[in-house]
Amino acid sequence: MEYQEIKKILKQFAESVKKQAIGNLRRNKNNRFMTGSSSGNLEGSLDYKLNEYPNSLNLEFSMLEYGSYQDEGVRGSKSTYPQSRNSRFAYSGGKKTIAYKSLDKWMVKKNLDGVRDAQGRFISRKSLRYLIARSIYQKGLRASSFFTRPLMDNYLKLPEEFIDAFQLDFDEFVDQINLTQ
């Protein structure tokens, strides 16, 4: 079977998810920092692949690893944002802070060389970096759902014809299995 119509619908679905996810990253400025990169490469890494097998199709989405942290959030060691409470990722164990290198790059971009606290005392960039890292570790990262939301929204909009065509293909597949037994 060629599954031409199903492939066409799956490609449209994947393109729509990808376009909306990139739009969410840009709109929410989640395309950089917080879990590993200040470069903005996350949107460039979003992609999909439609794999064809003799009796099935498989649609795979891919992105840089920290995209999963941005999408699902990360539970903190002491408290968690409500949006991140179901995340499979968590700060815990012996590691007490997050990677300082990513914070350094972000702080340089934000021009945070040092700031004054509420009492007017100077806080060095090194101390500020430690405080930010500790806060992220304890509170976690808020889930943005930049990818999950478009995926689910588009999934719910899949045309009825696709569902019907998929059911027909599945029924035919089951018939083929029954014939070989």
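Residues numbered from 1 in each chain as written. Predicted model: local features only at pLDDT ≥ 70, side-chain atom pairs only at ≥ 80, totals over all residues. Heavy atoms only, no water.

Asks: Looking at this model, I keep getting lost on the overall build of the chain. Mind explaining?
Replies: Looking only at helices and strands, one finds seven helices and six strands in the chain. Listing each helix as α and each strand as β along the chain from the N terminus yields α-α-β-β-α-β-α-β-β-α-β-α-α. Burial statistics for the chain: of 181 residues in total, 34% are counted as buried. Of the contacts made within the chain by residues no fewer than 6 positions apart, 65% connect residues no fewer than 24 positions apart. Of the roughly 11800 Å² that the chain leaves accessible, carbon and sulfur atoms contribute 51%. (Helix = DSSP H or I, 4+ residues; strand = E, 2+ residues; numbered from the N terminus. Buried < 20%, exposed > 50% of the residue type's maximum accessible area, 1.4 Å probe, protein only. Contact = heavy atoms within 4.5 Å. Areas by Shrake-Rupley, 256 points an atom, 1.4 Å probe, with all protein chains shown as cover.)

Asks: Honestly, the pairing of strand β2 (residues 56–62) in this entry has me stumped. Any pointers?
Replies: Sheet faces and side chains relate simply in a regular strand, where the side chains alternate between the two faces. Relative to β2, strand β1 (residues 47–53) runs antiparallel, the two being bridged by seven bridges. The residue of β2 that forms the bridge with D47 is S62. If you look at the hairpin formed by β1 and β2, you'll find two residues sitting between the two strands. (Pairing = 2+ DSSP bridges.)

Asks: I keep staring at the nonpolar core and nothing clicks. Help me out?
Replies: One broad trend across soluble globular proteins is that nonpolar side chains are buried collectively. Membership of the largest hydrophobic core comes to 16 residues, with the highest contact counts inside it found for L46, F146, F147 and F162. Contacts of F147, omitting those with residues within four sequence positions, involve V17, A21, L46, F61, M63 and D71. Residues I98, M107, I123 and L128 belong to the second largest nonpolar core, which totals 14 residues. (Core = buried A, V, L, I, M, F, W, Y, C linked by side-chain atoms within 4.5 Å.)

Asks: Help me out: how do you make sense of unusual backbone geometry in this one?
Replies: One can expect most non-glycine residues to show negative phi and most peptide bonds to be in trans. In this model, S145 sits at a positive phi of 55°, which is unusual for a non-glycine residue. Structurally, the position occupied by S145 is in the loop between β6 (140–141) and α6 (148–156).

Asks: Whenever I open this one, the confidence of the model for the chain confuses me. Can you help?
Replies: When pLDDT is low, close inspection of the predicted coordinates is not appropriate. Of all residues in the chain, 84% attain a pLDDT of 70 or more, and the chain-wide mean is 81. By mean pLDDT, the top-scoring element of the chain is β1 (93), and the lowest-scoring one is helix α7 (residues 160–180) (70). Every residue in residues 32–38 scores below 50 in pLDDT, and together they form 24 contacts with partners more than four places removed in sequence or on other chains. (pLDDT = per-residue confidence, 0-100.)

Asks: Before we go on, may I ask you to explain the packing of aromatic side chains in this structure?
Replies: Each aromatic ring pair is specified by the distance between its two centres and by the angle formed by the two planes. Under the definition given, this model contains five aromatic pairs. With centroids separated by 6.4 Å and ring planes inclined at 70°, the aromatic side chains of F13 and F61 adopt a geometry described as edge-to-face. Of this pair, F13 sits in helix α1 (residues 4–28) while F61 is found in strand β2, placing the two residues 48 residues apart along the sequence. When the ring of Y91 is compared with that of Y137, the centres are 5.7 Å apart and the planes differ by 40°; the resulting orientation is tilted. Of the two residues, Y91 sits in the loop between β3 (74–75) and α4 (100–109) while Y137 sits in helix α5 (residues 125–139), which places them 46 residues apart along the sequence. Residue Y91 shares its accessibility class with Y137, and that shared class is buried. Among the aromatic residues, those joined into a cluster by ring pairs are F13, Y48, F61 and F147. (Phe/Tyr/Trp six-rings, centres within 6.5 Å; stacked < 30°, edge-to-face > 60°.)

Asks: Sorry, what's going on with the side chain of N51 here?
Replies: Relative to the elements of secondary structure, N51 occurs in strand β1. Of the polar contacts made by the side chain of N51, one reaches the side chain of E60; its length is 3.0 Å. Aside from chain neighbours lying at most four places away, what touches N51 is S56, L57, N58 and E60. (Polar contact = N/O pair within 3.5 Å; in protein donor to acceptor, adjacent residues only side chain to side chain.)

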